[in-house]
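# Examination of the molecular architecture
Each chain is listed here by its residues.
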Amino acid sequence: MGTPERCVHVADRESDIYEFFCLSQDLGTRFLVRVQTNRLPGAPADAEPRMELIFAQLSATPWAGCHYVAIGQDETACVHMKFAAIQTLPPRGKQKRYSPQLLTYIHALEIAPPAGRPPIDWKLVTNLPV
């Protein structure tokens, strides 16, 4: 393609693989993946290590706003959005082979879904600017 930085890999939970994130970064490509794994965060240089996982840090982040999403042809959902850039550690058994990655986690939560359908409740991870 000649310009890998223009590529954005969009994937569901089966692509929530740390090696995939590292390879995408190494190749200069971008990704947006629905999260499956609650990973280990890195501690900021000026803070003591914390034992909480990524989802706990994301849940403590304030909501940034609401975004309207078309669902099918007849429905629009209002999803509340929050996001946080979090230093993410490789899985424990792979920390010698892979370096920590600064990744942005996004939480999209539908507040008032229609009857008969569960709410949209997605956690996403990306290396794109948010």
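See the structure shown above.
All chains use their own residue numbering, which begins from 1 and follows the written sequence. Where local features are concerned, this predicted model is filtered to residues with pLDDT of at least 70; where side-chain atom pairs are given and counted, the filter is 80 or more; whole-chain, interface and lining totals use all residues. Water and hydrogen atoms play no part in the side-chain values, which are based on all heavy atoms of the structure.

### As for the sheet that holds strand β2 (residues 30-34)
Note on pairing: DSSP must find at least two bridges between two strands before they are called paired. In this text, helices come from DSSP runs of H or I with a minimum length of four residues, and strands from runs of E with a minimum of two, each type numbered from the N-terminal end. If you walk across this open sheet you meet the six strands as β1-β2-β6-β5-β4-β3, and the pairing is mixed. Taken across any chain shown, the strands that pair with only one partner, and hence form the sheet edges, are β1 (8-11) and β3 (65-71). The sheet shows a mean angle of 25° between the axes of neighbouring strands, taken without regard to direction. Examined bridge by bridge, β1 and β2 share four bridges and lie parallel to one another. Across the sheet, His9 pairs through a bridge with Phe31, a residue of β2. Every axis corresponds to a line fitted to the C-alpha atoms, with the helix fit spanning only the stretch in contact, and the corresponding angles, defined between N-to-C directions, vary from 0 to 180 degrees.

### Re the environment of Leu89
Following the sequence through the fold, Leu89 ends up in the loop between β4 (75-88) and β5 (101-110). Throughout, a residue-residue contact means that at least one pair of heavy atoms, one from each residue, lies within 4.5 Å. Excluding anything up to four places from it in sequence, Leu89 contacts Tyr18, Leu40, Pro41, Gly42, Gln95 and Pro100.

### Some remarks on the packing of aromatic side chains
Each aromatic ring pair is summarised here by two numbers: the centre-to-centre distance and the angle between the ring planes. A pair of Phe, Tyr and Trp rings is counted when the ring centres sit within 6.5 Å of each other, with Trp represented by its six-membered ring. The angle between the planes then sorts it: under 30 degrees is stacked, over 60 is edge-to-face, the rest tilted. Inspection of every chain in the model, using the stated rule, returns five aromatic pairs. An angle of 75° between the planes, with centres 6.5 Å apart, marks the rings of Tyr18 and Tyr98 as edge-to-face. Of this pair, Tyr18 sits in helix α1 (residues 18-27) while Tyr98 is found in the loop between β4 and β5, placing the two residues 80 residues apart along the sequence. Only protein chains enter the accessibility calculation, which uses a 1.4 Å probe; a residue is then buried when its area is under 20% of its type maximum, exposed when over 50%, and partly exposed in between. Tyr18 gets classed as buried once you look at its relative accessible area, which sits at 2%. A connected cluster of aromatic rings, assembled from ring pairs, spans Tyr18, Phe20, Phe21, Phe31 and Tyr98. Comment: the charge-over-ring label is applied if NZ (Lys) or CZ (Arg) is within 6 Å of the ring centre and within 35 degrees of the ring normal. The ring of Trp63 carries the charged tip of Lys82 above its face, separated from the ring centre by 4.3 Å.

### Some points on α1
Considered for burial, the residues of α1 that qualify are Tyr18, Glu19, Phe21, Cys22 and Ser24. Buried-residue contacts for α1 involve β1, β2, β4, β5 and β6 (121-126). Backbone geometry just after α1 places Gly28 at a positive phi near 80°.

### Regarding the state of the cysteines
The disulfide definition used here is simple: a pair of cysteine sulfur atoms within 2.5 Å. Counting across every chain of the model gives one disulfide. Across a sulfur-sulfur distance of 2.0 Å, Cys66 and Cys78 are joined as a disulfide pair. A residue pair is termed long-range when its members are at least 10 positions apart, and Cys66 in strand β3 and Cys78 in strand β4 qualify at twelve residues. We classify Cys78 as partly exposed; its relative accessible area is 24%. A disulfide-free cysteine, Cys7 has its sulfur positioned 18 Å from the sulfur of Cys22, the nearest such atom. Its relative accessible area of 5% is what places Cys22 among the buried residues.

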